[in-house]
Amino acid sequence: MTGRVEGKVAFITGAAHGQGRSHAVRLAQEGADIIAIDACKRVVKDSPIPPATPEELAETADMVKALNRRIFTAEVDVRDYDGLKSAVDAGVEELGGLDIIVANAGIGNGGDTLDQCSEHDWQEMIDVNLSGVWKTVKAGVPHIISGGKGGSIILTSSVGGLKAYPHCGNYVAAKHGVVGIMRSFAVELGHQNIRVNTVHPTHVSTGMIMNEGTWKMFRPDLENPGPDDMAPICQMFHTLPIPWVDAVDISNAVLFLASDEARYITGVTLPVDAGSCLK
């Protein structure tokens, strides 16, 4: 099956690398033009997670163009509503409309128990992973409404948006909040045939976990751990015998929710979690 989002335009945040890039490429493979934004800078100070770069955003653009699809890019932080609105307005003017929003951009920080979490780490997490999702939809949805054809909005939550983990309570709170945003938008926009859903990834083999800091966090008993050392720990989270999923696995879920195959699916929390929610 091809052309599942043919002729549609998708607005994707955090598109320079990782899951966001994967979403842009996967939707372009199925016929969509792309509005791709990323902060392209370090958002969390001293984070082991590699920040996106302008060069990576340009690479995403090249990958979409290689599929004979159009793409508009901008360097915008999702905390900046005016910047988001300017970018999506310009992208819609260039590409001709908007049908799909994928609020993917997010961060990881913390490591403390929730009672020891600093105010800075709490606020930074809420500002990016919760408020940034709301601002993304707020900036884009007027264009879907004005198009009069309905549309699909997909918000990236997490398995941590469905259950709790220790030492990342700020992340868990933000990702649970994304579900609340999704459900509210779903009931408010449903009469205009705009569907709103969340995807809930488990560990994904991107830079978010594939970095030295995360390996050491999972295996503090080793001097120089690598992904193979972390894999058995990650696999314990899952029912299926795998340590993590790939970005394309999340992209396939995003594509399904964006396509007409999901035309009557709204308000759904869709885990892509190798059975993590069963544990």
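Reading the values: rules and limits
- Numbers given to residues run from 1 along each chain, matching the order in which its sequence is written.
- Local features in a predicted model are, by the rule used here, given only for residues with pLDDT of at least 70; side-chain atom pairs are given and counted only at 80 or more, and totals for whole chains, interfaces and linings are based on all residues.
- To obtain the side-chain values, all non-hydrogen atoms of the structure were included, while hydrogens and water were left out.
- DSSP-based pairing: two strands are paired if at least 2 bridges between them are found.
- Strands are runs of DSSP state E lasting at least 2 residues, helices are runs of H or I lasting at least 4, and numbering of each runs from the N terminus.
- Only C-alpha atoms enter the line fits that serve as axes; for helices the fit covers just the stretch in contact. Angles between N-to-C directions range over 0 to 180 degrees.
- Contact between two residues is taken to exist if any of their heavy atoms lie within 4.5 Å; hydrogens are not considered.
- By definition, a salt bridge exists where a carboxyl oxygen of Asp or Glu is found within 4 Å of a side-chain nitrogen of Lys or Arg.
- Burial classification: accessible surface area is computed with a 1.4 Å probe over protein chains only, and a residue below 20% of its type maximum counts as buried, one above 50% as exposed, and the rest as partly exposed.
- Here the angle decides the label: under 35 degrees means roughly parallel, over 145 means roughly antiparallel, 65 to 115 means roughly perpendicular, and every other value means oblique.
- Handedness of a helix crossing follows the sense of rotation of the near helix relative to the far helix, less than a right angle counterclockwise being left-handed and clockwise being right-handed.
- Residues are grouped as follows: Ala, Val, Leu, Ile, Met, Phe, Trp, Tyr, Cys and Pro are nonpolar; Asp, Glu, Lys and Arg are charged; all remaining types, including Gly, are polar.
- Note on aromatic contacts: the rings of Phe and Tyr and the six-membered ring of Trp form a pair at centre separations within 6.5 Å, being stacked when their planes are under 30 degrees apart, edge-to-face when over 60 apart, and tilted otherwise.
- Should the NZ of a Lys or the CZ of an Arg lie within 6 Å of a ring centre and within 35 degrees of the ring normal, that charge is described as sitting over the ring.
- What we call a nonpolar core is a set of buried Ala, Val, Leu, Ile, Met, Phe, Trp, Tyr and Cys residues that are connected through their side-chain atoms within 4.5 Å.
- Helix span is expected to be 1.5 Å times the residue number reduced by one.
- A residue's bend is simply the angle between two axes: one fitted to the seven residues ending at it, one to the seven starting at it.

1. Some words on the sheet that holds strand β5 (residues 151-156)
- With respect to topology, seven strands assemble into an open sheet ordered β3-β2-β1-β4-β5-β6-β7, the strand pairing being parallel. With one partner strand each, in any of the chains shown, β3 (71-75) and β7 (269-272) form the two edges of the open sheet. On average, adjacent strands in this sheet sit at an angle of 15 degrees to one another, irrespective of strand direction.
- Sheet contacts for helix α3 (residues 81-95): β1 (9-13), β2 (33-38) and β3; angle to β2, the most-contacted strand, approximately 160 degrees.
- Across the sheet, helix α5 (residues 169-189) lies against β5, β6 (194-201) and β7, angled at about 165 degrees from β6, the strand it touches most.

2. Points about the pattern of salt bridges
- Tallied over the full model, the rule gives 13 salt bridges.
- The salt bridge partner of Glu-59 is Arg-21, with a shortest N-O separation of 3.1 Å. Here Glu-59, found in helix α2 (residues 54-65), pairs with Arg-21, found in helix α1 (residues 18-29); they are 38 residues apart in sequence, far enough to count as distant.
- With a shortest N-O distance of 3.3 Å, Glu-30 and Arg-26 are connected by a salt bridge. Neither Glu-30 nor Arg-26 differs from the other in exposure class; each is buried.

3. Quick look at the packing of α3 against helix α4 (residues 119-147)
- With their axes 9 Å apart at the nearest point, α3 and α4 run at an angle of 30 degrees to one another. It follows from the interaxial angle that α3 and α4 lie roughly parallel. For the crossing formed where α3 meets α4, the hand is right-handed. Residues Tyr-81, Leu-84, Lys-85, Val-88, Asp-89 and Val-92 of α3 touch α4, and the partners they reach there are Lys-135, Thr-136, Lys-138, Ala-139, Gly-140 and His-143.
- The class makeup of the residues in the contact of α3 with α4 is five nonpolar, three polar and four charged.

4. Side note on the packing of aromatic side chains
- Per the stated rule, a full pass over the model turns up two aromatic pairs.
- Between Tyr-165 and Phe-237, the aromatic rings sit 5.7 Å apart at their centres with planes inclined by 55 degrees, giving tilted as the arrangement. Of this pair, Tyr-165 sits in the loop between β5 and α5 while Phe-237 sits in the loop between α7 (227-235) and α8 (247-258), and the two are 72 residues apart along the sequence.
- Ring centres of Phe-218 and Phe-237 lie 6.5 Å apart, and the angle between their planes is 50 degrees; this geometry places the pair in the tilted category. Of this pair, Phe-218 sits in helix α6 (residues 212-218) while Phe-237 sits in the loop between α7 and α8, and the two are 19 residues apart along the sequence.
- On the basis of relative accessibility, which here comes to 26%, the residue Phe-237 falls in the partly exposed class.
- Put simply, the rings of Tyr-165, Phe-218 and Phe-237 pair up and form one aromatic cluster.
- Sitting over the ring of Tyr-81, Lys-138 keeps its end group 5.5 Å from the ring centre.

5. Overview of the nonpolar core
- In this structure, Phe-11, Ile-35, Ile-37, Leu-98, Ile-153, Leu-155 and Val-196 are the most contacted members of the largest nonpolar core, which totals 40 residues.
- Ranked by residues supplied to this core, first place goes to α4 with nine residues.
- If you look at the next biggest cluster of nonpolar residues, it comprises 32 residues, including Ala-16, Leu-27, Ala-61 and Leu-255.

6. Some details on the pairing of β5
- For β5, a buried count of six out of six residues is recorded, marking the element as mostly surrounded by other parts of the structure.
- By the alternation rule, side chains of β5 split into Gly-151, Ile-153 and Leu-155 and Ser-152, Ile-154 and Thr-156, which are all buried.
- Across four bridges, the pairing between strand β4 (residues 100-103) and β5 is parallel. In the sheet register, Ala-103 faces β5, and the bridge partner there is Leu-155.

7. Re α1
- For α1, spanning twelve residues, the distance from its first C-alpha to its last is 17 Å, which sits close to the expected 16 Å at 1.5 Å a residue.
- Extensive coverage of α1 is indicated by the burial of ten of its twelve residues.
- Turning to α1, its buried residues number three or more, namely Gln-19, Gly-20, Arg-21, Ser-22, His-23, Ala-24, Val-25, Arg-26, Leu-27 and Ala-28.
- The first or second residue beyond α1 is Gly-31, which carries a positive phi of 105 degrees.

8. Quick notes on α4
- Given a rise of 1.5 Å per residue, 29 residues ought to cover 42 Å, and the 41 Å separating the end C-alpha atoms of α4 matches this to within 8%.
- Along α4, the sharpest change in direction is near 40 degrees and occurs at Ser-131.
- Looking one or two places after α4, you find Gly-148, whose phi comes out positive at around 70 degrees.

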